[in-house]
Amino acid sequence: TNTNTTEPTTILPKDEDGDNNDDPSTTNNNINNKHTTSIREKLVDAFFHQHKDLKPLCEFIVDQSIKNASITLSHNYIRPLLDESLTDYCTNRHPISFPLDLDWYLDALAYIERTTIRTSGTMVNRVVEGQIEDGLRALKPPGVSGETIDMAISLSVRYARSKCKVMVGSVVKVEAKRKLDAKLQTMEKKMKLAGGVAGVVEKLSGVEKEVVVGSSGA
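The notes below deal with the structure included here. (Residues numbered from 1 in each chain as written. Predicted model: local features only at pLDDT ≥ 70, side-chain atom pairs only at ≥ 80, totals over all residues. Heavy atoms only, no water.)

Focus on the overall build of the protein
Helix and strand counts for the protein stand at 4 helices and 0 strands. Scanning the protein from its N terminus toward the C terminus, one meets helices and strands in the order α-α-α-α. Every one of the 218 residues in the protein was classed for burial, and the buried ones make up 34%. Long-range pairs, those at least 24 residues apart, make up 82% of the contacts in the protein between residues at least 6 apart in sequence. Of the accessible surface of the protein, which amounts to about 13800 Å², a share of 55% is contributed by carbon and sulfur atoms. (Helix = DSSP H or I, 4+ residues; strand = E, 2+ residues; numbered from the N terminus. Buried < 20%, exposed > 50% of the residue type's maximum accessible area, 1.4 Å probe, protein only. Contact = heavy atoms within 4.5 Å. Areas by Shrake-Rupley, 256 points an atom, 1.4 Å probe, with all protein chains shown as cover.)

The structure is reproduced here in structure tokens:
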């Protein structure tokens, strides 16, 4: 599953406020976060205003790095990790029993989503960050100091992490439900098949007993 990452990039910090706006303490934190974000945005704007050649380069490398990651995201990271999380949950934590309970299903889905997002997010970030650093160091304009390129890398990585977080989360949610539903359907079929085989064996056993009893009477 490829994720669309072709939206234009702007190297600016993301506002990562919480969703609970009714809590007064959360509201105060949000105000402080917005103030901090505003200051950070101004510093970022000032940096790229001073180093105009770096901004398009940073945006290109961030976009390309995330695009590269999105192509292999499901196959290399998310699907194998979902399999591990699903096996762990169904085998070691809460074995499946039918008929299936809705709470079990929702808890299982939340668990595999949470563990997969955490682990795959870390892996994808590591790959993307490496590509960003390598790309900027290789393509930096002549005369740009090491300290300047370090700052450009830091700003680019910060933005890329926020993009990767959204990308990983959206893909995991789709793949997790698909994986869980497929596993449940497979296990239910196996259980029904096993039940059918057990019924046949029981019937055959009964027939054998009848034959033995009939033979003894004869």
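A word on the packing of helix α2 (residues 54-93) against helix α3 (residues 102-139)
The interhelical angle for the contact between α2 and α3, taken along N-to-C directions, is 150°, at an axis separation of 6 Å. Considered as vectors, α2 and α3 are oriented roughly antiparallel to each other. Our pair here, α2 against α3, has a crossing hand that is right-handed. Here the contact of α2 with α3 is composed, by residue class, of 25 nonpolar, 9 polar and 3 charged. (Axes fitted to C-alpha atoms, helices over the stretch in contact; angles between N-to-C directions. Parallel < 35°, antiparallel > 145°, perpendicular 65-115°, else oblique. Left-handed = near helix turned anticlockwise from the far one by under 90°. Nonpolar A, V, L, I, M, F, W, Y, C, P; charged D, E, K, R; others polar.)

Regarding α2
Helix length check: α2, at 40 residues, gives a terminal C-alpha distance of 50 Å against a target of 58 Å (1.5 Å per residue), a shortfall beyond 12%. Of all the bends found along α2, the most pronounced is centred on L73 and spans about 70°. (Expected span 1.5 Å × (residues − 1). Bend = angle between axes of the 7 residues up to and from the residue.)

Considerations on the packing of aromatic side chains
Under the criterion given, the structure shown has 3 aromatic pairs. Ring plane angle 85° and centroid distance 5.1 Å describe the contact between F47 and F48, whose orientation is recorded as edge-to-face. For F47, a relative accessible area of 12% translates into the label buried. Residue F48 is classed as buried on the basis of its relative accessible area, which comes to 6%. Ring centres of Y89 and W104 lie 5.7 Å apart, and the angle between their planes is 65°; on these two criteria the pair is classed as edge-to-face. With a gap of 15 residues between them, Y89 in helix α2 and W104 in helix α3 connect regions that are remote in the sequence. For W104, a relative accessible area of 12% corresponds to the buried category. One aromatic cluster in this structure is built from Y89, W104 and Y111. (Phe/Tyr/Trp six-rings, centres within 6.5 Å; stacked < 30°, edge-to-face > 60°.)

Structural notes on the pattern of salt bridges
Scanning all chains against the criterion turns up 8 salt bridges. Ionic pairing is found between E113 and K173, a salt bridge with its closest N-O pair at 3.4 Å. Of this pair, E113 sits in helix α3 while K173 sits in helix α4 (residues 146-217), and the two are 60 residues apart along the sequence. Ionic pairing is found between R161 and E129, a salt bridge with its closest N-O pair at 2.7 Å. Of this pair, R161 sits in helix α4 while E129 is found in helix α3, placing the two residues 32 residues apart along the sequence. Using a relative accessible area of 44% as the deciding quantity, one classes R161 as partly exposed. Taken together, the salt bridges that share partners define one network made up of R79, E175 and R178. (Salt bridge = Lys/Arg side-chain N within 4 Å of Asp/Glu carboxyl O.)

Description of the nonpolar core
Counting residues in each nonpolar core, the largest one holds 44 residues, and the members touching the most others are L54, W104, V124 and L180. Contributing elements (two or more residues each) for this core: α1 (24-50), α2, α3 and α4. Of all the elements, α4 adds the most residues to this core, at 15 residues. Ignoring any residue separated from it by four or fewer positions in sequence, one finds L54 in contact with F47, F48, P141, V144, T148, I149 and A152. (Core = buried A, V, L, I, M, F, W, Y, C linked by side-chain atoms within 4.5 Å.)

Quick word on the environment of L54
Within the secondary structure layout, L54 lies in helix α2. A C-alpha to C-alpha distance of 9.5 Å links L54 and T148, two positions 94 residues apart in sequence.

Here we look at α3
Over its 38 residues, α3 extends 53 Å from the first C-alpha to the last, a length consistent with the 56 Å expected when each residue adds 1.5 Å. One side-chain oxygen at the N-terminal end of α3 lies 3.0 Å from the backbone nitrogen of D103; it belongs to D101. (Polar contact = N/O pair within 3.5 Å; in protein donor to acceptor, adjacent residues only side chain to side chain.)

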